[in-house]
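Tertiary structure, described
Chain by chain, the residues:
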Amino acid sequence: MKALKFIAFAQFCLGLSALALQPGYAAVDNDPSPQFNSGDDVSMAPGHPNHFTAFATESPEMLARMPAIDPETGLHVSEIKPGLFYVTEGVYQSAFLVTEQGVIIFDAPPSFAHKLPDVIAEHAPGIIIRYLVYSHGHSDHIGGASVFGDVEGLQIVAHAATVQSMERAARPGILVPTITYDAPYEFSLGGETVELTPASFHAEDMDTIVYLPRQRFVMAVDTITPGEAAFMNFGATSDVGAYMTFFDTILAYEFDHILSGHVSVLGAREDVIMARDYAHDVWRTAGAGMATFLDRFNTTLAALEYKNANLAYRATIEAVRRDCAREIIDRWTGKLSVVDVWADSHCQTVILYNIMH
Ligand SMILES: [Zn+2]
């Protein structure tokens, strides 16, 4: 163990000595292996060590799960329970529930919301749209709401925090909520029940967990990506500590399907369990790596002759992140798709959390 630590330390110092030889600090890191995409490392230039071909493609299991997108409409629409449909263009997701007394829509991503009126008319001919529910206030999931702006009597349902956020800054395309709540809220239509529970796992203000008990359907947007490692920074969460507890909150619901807002695939219970185990593994691995942080930082700062603490900090974060990402990629490749694309981002998210908490 000591020998391994020494080798890691020596490699780290070698990286720093390379840095000393490079004018303008061009190469903080002389590790020739791919950098696991830190946001600016993926190259499209042939021959570059971080050429995109160094990253794994989507796994065959993931590709097999992806539903076909209709080339005519650019959408996939499927009825997952009687009257309950989910819609995706391959990147974003929305859903709608058809009842005898009207339709309830859940989210309206601007990427395809303009197509939703036709889709709903096709699957619910002659049935009026009564409700539009927002999962959270982010434009990329509800910024297409204005296509329903002329639906008479439409109720827009959202957490009160979404209204407050809209008052602070204009959010083009988003209709102002007509029904708000700041505690668990429930409504019924045509004998079907919608349960809305405020939660914190992603947005900077509030999220809502949508639950349809009869359909055993739960919606928690910007959380997991079923079959894949979560998107950058764990679904770009604003609070990774809260994100880590989200999984058990969701697993307390009885559900068959989870709509998490992204990719074309609809999730199942096992996807939440897998995502939880992955996230918790990153949490533990990056947390353990933090034990080396201060020593590494001090060594780096000394190598830089105490002249550039910012660069020493960056180099230290990158070194801890790289060790963490390597472990995570080793353990999770084959279980989740695109782990090598996002592992370093997840490690960095936890590292920054640890620095601040
Ligand atoms: Zn969001």
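Report on the accompanying structure. Because the structure is predicted, anything quoted here is derived from the model rather than measured.

The next subject is helix 9 (residues 293-303). Of all the positions in helix 9, only Phe-293, Arg-296, Phe-297, Thr-300 and Leu-301 are classed as buried. Buried residues of helix 9, viewed axially, fall in a sector of 130°; they line one side. Opposite the buried face of helix 9, at more than 90 degrees from it, the exposed residues are Leu-294 and Asp-295. Phi for Glu-305, located one or two positions after helix 9, is positive at around 55°.

Within the first shell, the zinc ion binds the protein through His-136 (NE2), His-138 (ND1), His-202 (NE2) and Asp-222 (OD), at distances of 2.1 to 2.2 Å. Ordering the donors of the zinc ion by residue number gives the pattern H-x1-H-x63-H-x19-D. You can see His-136 sitting in the loop between strand 5 (129-133) and helix 4 (139-142) and its partner His-202 sitting in the loop between strand 9 (192-199) and strand 10 (207-212), a full 66 residues away along the chain.

Turning our eyes to something else, we now look at the packing of aromatic side chains. Following the criterion strictly, the structure yields 16 aromatic pairs and no others. An aromatic cluster of at least three residues, connected via ring pairs, comprises Phe-201, Phe-234, Tyr-243, Phe-246, Phe-247, Tyr-278 and Trp-332. Seen from the ring of Trp-332, Lys-335 lies directly overhead, with NZ or CZ sitting 4.9 Å from the centre.

Right, let's talk about the sheet that holds strand 4 (residues 102-106) for a bit. A sheet is described by the order of its strands in space; here seven strands give the open sequence 1-2-3-4-5-6-7, paired in mixed fashion. The open sheet is flanked by strand 1 (76-81) and strand 7 (179-181), the only strands paired with a single partner. Across the sheet, the mean angle from the axis of one strand to that of its neighbour is 20°, orientation sign disregarded. With three bridges joining them, strand 6 (residues 155-159) and strand 7 adopt parallel strand pairing. Pairing of Ala-158 across the sheet is with Thr-180, part of strand 7. Relative to strand 3 (residues 93-99), helix 3 (residues 116-123) is tilted by about 35°, and along the sheet it contacts strand 1, strand 2 (84-88), strand 3, strand 4 and strand 5.

Across the interface, helix 9 lies against helix 10 (residues 309-332) with an axial gap of 9 Å and an inter-helix angle of 135°. Comparing their axes, helix 10 and helix 9 come out oblique. Crossing hand, helix 9 versus helix 10: right-handed. In this structure, helix 9 uses Phe-293, Arg-296, Phe-297, Thr-300 and Leu-301 to contact helix 10, whose residues at the interface are Ala-309, Ala-312, Tyr-313, Ala-315, Thr-316, Ile-317, Ala-319, Val-320 and Asp-323. Its residues placed into classes, the contact of helix 9 with helix 10 shows 10 nonpolar, two polar and two charged.

Cut-offs and rules
- Residues numbered from 1 in each chain as written.
- Predicted model: local features only at pLDDT ≥ 70, side-chain atom pairs only at ≥ 80, totals over all residues.
- Heavy atoms only, no water.
- Buried < 20%, exposed > 50% of the residue type's maximum accessible area, 1.4 Å probe, protein only.
- Helix = DSSP H or I, 4+ residues; strand = E, 2+ residues; numbered from the N terminus.
- Arc of directions from axis to C-beta.
- Donors = N, O, S within 2.8 Å, 3.2 Å for Na, K, Ca; no water.
- Phe/Tyr/Trp six-rings, centres within 6.5 Å; stacked < 30°, edge-to-face > 60°.
- Lys NZ or Arg CZ within 6 Å of the ring centre and 35° of its normal.
- Pairing = 2+ DSSP bridges.
- Axes fitted to C-alpha atoms, helices over the stretch in contact; angles between N-to-C directions.
- Contact = heavy atoms within 4.5 Å.
- Parallel < 35°, antiparallel > 145°, perpendicular 65-115°, else oblique.
- Left-handed = near helix turned anticlockwise from the far one by under 90°.
- Nonpolar A, V, L, I, M, F, W, Y, C, P; charged D, E, K, R; others polar.

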